[in-house]
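Chain and residue survey
In case you want the letters, here they are:
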Amino acid sequence: MSGNTSTSMIVTLGFVTALSGFLIVTAYQTTKPAIEENKRLRIQQTVLEVIKGATAYKPFVITANGDLLEATPDLKGTNVYAGYDAQGKLMGLAAEGRAQGYSGSVETIYAYSPACECITGVKVIKQTETPGLGDKVITNKDFVANFEKLDAKLDAAGKALANAIVTVKHGSKKNPWEVDAISGATISSRAIAKGLNGSAQEVLPKVVPLLSTIEGAKP
Amino acid sequence: MSLIKQDDTITVDTFMEGIWRENPVFVMMLGMCPTLAVTTSAINALGMGAATTFVLIASSLLVSLFRNLIPAGVRIATYIVIIATFVTLVDYIMQAYSQALYAAMGAFIQLIVVNCIILGRAEACASRNKPLKSMVNAAGMGLGFTLALLCLGGVREILGNGSLFGLPLFGEHFQPWVIMVLPAGGFLVLAGWLILFEWLKLRKQGRSQQVGGAVHEH
């Protein structure tokens, strides 16, 4: 081996990077379907879990100009999922909330029930909060109970929520639209409520007038 | 390279070296970043250990196969490319098979690239030994690293969360020692283990000195 000549260095690096590229592309191609399937399954599972009584769902997309369309892979916009029971009756809607937490964004999927005009459940799908503190928003039973019947009525004009969803200090919840924070994890609690509020303010005014269309659609 | 005489025999020590005498975490103090960051629970520690072990073994094999072809001037760059390739593979595989584990590891999977244990093995062992011996040694190092992470992750999970491998150990009324799962807890638990090992070492030395002294007096 000639050792340290430029040619041998270039040849070695070229060979190793080519081999590396080949391996990475192979792994990417092999795992891509599994990764996408995983993501889809996770959303499906979460949507069916969060909408009570739903056994099937249908994804919709709210486009940039406010139309509600059935989702196709290349349609961009805000995702809304409609959950139906075995008879095809609409059980509720689900949408995605997202807000900045203590260390990164907290992403949730929440269920909205048109019958009670309230939020009926929240699942955290992505968070990087402090383990043992901020991740209590997933495990703390009292906190999760906040979202069993959280008021999300629209105002008279139907353009926004009648009462914005807000987080209040632990133990001081008085109104049905307030979220009782976890003491010691206020910022993470606030991130969940903020994500819900942001998404509900945007999604509900557009979806509620079109409920009959969604009810008519079959999963 | 020809000056270093290659000893091809694979002994038990080739494998055991990484587990005890040259344990990457407790003796060599390498790879401290993932050690402190992801050991908040036993499962995370195991996941990180397994990912690192895979990268260690696979990159040791490749470095060892090409050891006589890589010019000394670009050897570090070559090692990094090889290591980065396997880290990317782990990244994809973990995403494909366990989203939960992948979410818990965060950026630390990608950071395996710069884990000194792996570069250290490539330079100190794989570039001087035959593939099989390098792989055996790397497997030992990987296992030693995994065990060390488990030592930290287990203690931190028990104290900071009252559970082990996600199973609750104490009753409802256990108030977890939250600082243990925060970054400061990582340092505290690591220091605790280092004190324990140092004490064991000193005690062993003291004993052998006593024995030696007794012989001398005689």
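Residues numbered from 1 in each chain as written. Chains lettered and ligands numbered in written order. Predicted model: local features only at pLDDT ≥ 70, side-chain atom pairs only at ≥ 80, totals over all residues. Heavy atoms only, no water.

The name an unreviewed UniProt entry gives chain B is Ion-translocating oxidoreductase complex subunit E, with Thiothrix fructosivorans as the organism.

The name recorded for chain A in an unreviewed UniProt entry is Ion-translocating oxidoreductase complex subunit G, from Thiothrix fructosivorans. In its Sequence similarities (unreviewed entry) section, UniProt records this for chain A: "Belongs to the RnfG family." As its UniProt record puts it under Function (unreviewed entry), chain A is described as follows: "Part of a membrane-bound complex that couples electron transfer with translocation of ions across the membrane." (UniProt positions renumbered as here; feature names shortened; annotations may be inferred.)

**Observations regarding the layout of surface pockets**
Residue and element names in this part refer to chain B. The calculated volume of the second largest pocket comes to roughly 470 Å³. Surrounding the second largest pocket, 16 residues form its lining, W20, R21, V27, F197 and K201 being those nearest its centre. Going through the elements one at a time, helix 7 (131-161) and helix 8 (183-217) are the ones with two or more residues in the lining of the second largest pocket. In terms of residues, the lining of the second largest pocket owes the most to one element, helix 8, which gives seven residues. Residue composition of the lining of the second largest pocket, by class: ten nonpolar, two polar and four charged. (1 Å grid on protein atoms, 1.4 Å probe; cavity = no way out; pocket = protein on both sides within 12 Å on 5 of 7 lines; lining within 4 Å. Points joined across faces, edges and corners; volume = space filled by probe spheres on them. Helix = DSSP H or I, 4+ residues; strand = E, 2+ residues; numbered from the N terminus. Nonpolar A, V, L, I, M, F, W, Y, C, P; charged D, E, K, R; others polar.)

**Remarks on the confidence of the model for chain B**
Residue and element names in this part refer to chain B. Taken over all residues, the pLDDT of chain B has a mean of 86, while the share at 70 or more is 93%. Looking across chain B, the model is least confident in helix 5 (residues 99-105), with a mean pLDDT of 78, and most confident in helix 7, with 93. Counting interchain partners and residues more than four positions distant, the pLDDT-below-50 stretch residues 1-5 has three contacts. In the model output, the complex is listed with pTM 0.71 alongside ipTM 0.77. (pLDDT = per-residue confidence, 0-100. Contact = heavy atoms within 4.5 Å.)

**Some thoughts on the sheet that holds strand 7 (residues 150-151) of chain A**
Residues and elements named next belong to chain A. Spatially, the seven strands line up as an open sheet ordered 2-1-3-4-5-6-7, and their pairing is antiparallel. What marks the edges here is a single partner per strand, and that holds for strand 2 (68-70) and strand 7. Against the sheet, helix 4 (residues 186-207) makes contact with strand 1 (56-62), strand 2, strand 3 (78-84), strand 4 (90-100), strand 5 (105-113), strand 6 (118-126) and strand 7, and its axis sits at roughly 130° relative to strand 4, the strand it touches most. (Pairing = 2+ DSSP bridges. Axes fitted to C-alpha atoms, helices over the stretch in contact; angles between N-to-C directions.)

**A closer look at the interface of chain B and chain A**
In this assembly, 27 residues from chain B lie in contact with 26 residues from chain A. Sorting the residues of chain B by area buried against chain A places P71, Y92 and Q99 of chain B first, and these three jointly supply 24% of that buried surface. For the interface between chain B and chain A, the tally reads zero salt bridges. Taken together, chain B and chain A are joined by three residue pairs in polar contact (both at pLDDT 80 or more). A per-element tally of the side of chain B that touches chain A places helix 4 (residues 75-97) of chain B first, with 13 residues. Looking at the side of chain B that touches chain A residue by residue, the classes come out as 19 nonpolar, eight polar and no charged. (Buried area = accessible area lost by both parts, 1.4 Å probe. Salt bridge = Lys/Arg side-chain N within 4 Å of Asp/Glu carboxyl O. Polar contact = N/O pair within 3.5 Å; in protein donor to acceptor, adjacent residues only side chain to side chain.)

**So, the state of the cysteines**
Residue and element names in this part refer to chain A. Evaluated as defined, the whole model comprises one disulfide over all chains. With its sulfur 1.9 Å from that of its partner, C116 forms a disulfide with C118. On the S-S bond that ties C116 to C118, the torsion sits near -70°, and the link is left-handed. With relative accessibility at 28%, the residue C116 sits in the partly exposed group. (Disulfide = S-S within 2.5 Å. Buried < 20%, exposed > 50% of the residue type's maximum accessible area, 1.4 Å probe, protein only.)

**A look at a nonpolar patch on the surface**
Residues and elements named next belong to chain B. On the surface, I43, L46 and F165 cluster together to form a nonpolar patch covering roughly 240 Å² of accessible area. Looking at where L46 falls in the secondary structure, it is placed in helix 3 (residues 42-65). Judged by its relative accessible area of 36%, L46 falls in the partly exposed class. (Patch = residues over 30% accessible without salt bridge, like charges linked within 9 Å, V, L, I, M, F, W, Y side chains within 5 Å. Areas by Shrake-Rupley, 256 points an atom, 1.4 Å probe, with all protein chains shown as cover.)

**Here's the deal with the packing of aromatic side chains**
Residue and element names in this part refer to chain B. Applying the stated criterion across every chain, the model contains nine aromatic pairs over all chains. For the pair F54 and F86, a centre-to-centre distance of 6.2 Å together with 80° between the ring planes defines the contact as edge-to-face. Of this pair, F54 sits in helix 3 while F86 sits in helix 4, placing them 32 residues apart in sequence. With relative accessibility at 36%, the residue F54 sits in the partly exposed group. Of the aromatic side chains, those joined through ring pairs into one cluster are W20, F26, W193 and F197. (Phe/Tyr/Trp six-rings, centres within 6.5 Å; stacked < 30°, edge-to-face > 60°.)

**Things to note about the UniProt feature "modified residue: FMN phosphoryl threonine" (unreviewed entry) in chain A**
Residue and element names in this part refer to chain A. Here, UniProt's "modified residue: FMN phosphoryl threonine" (unreviewed entry) annotation points to T186. Looking at where T186 falls in the secondary structure, it is placed in helix 4. Given a relative accessible area of 32%, T186 falls into the partly exposed group.

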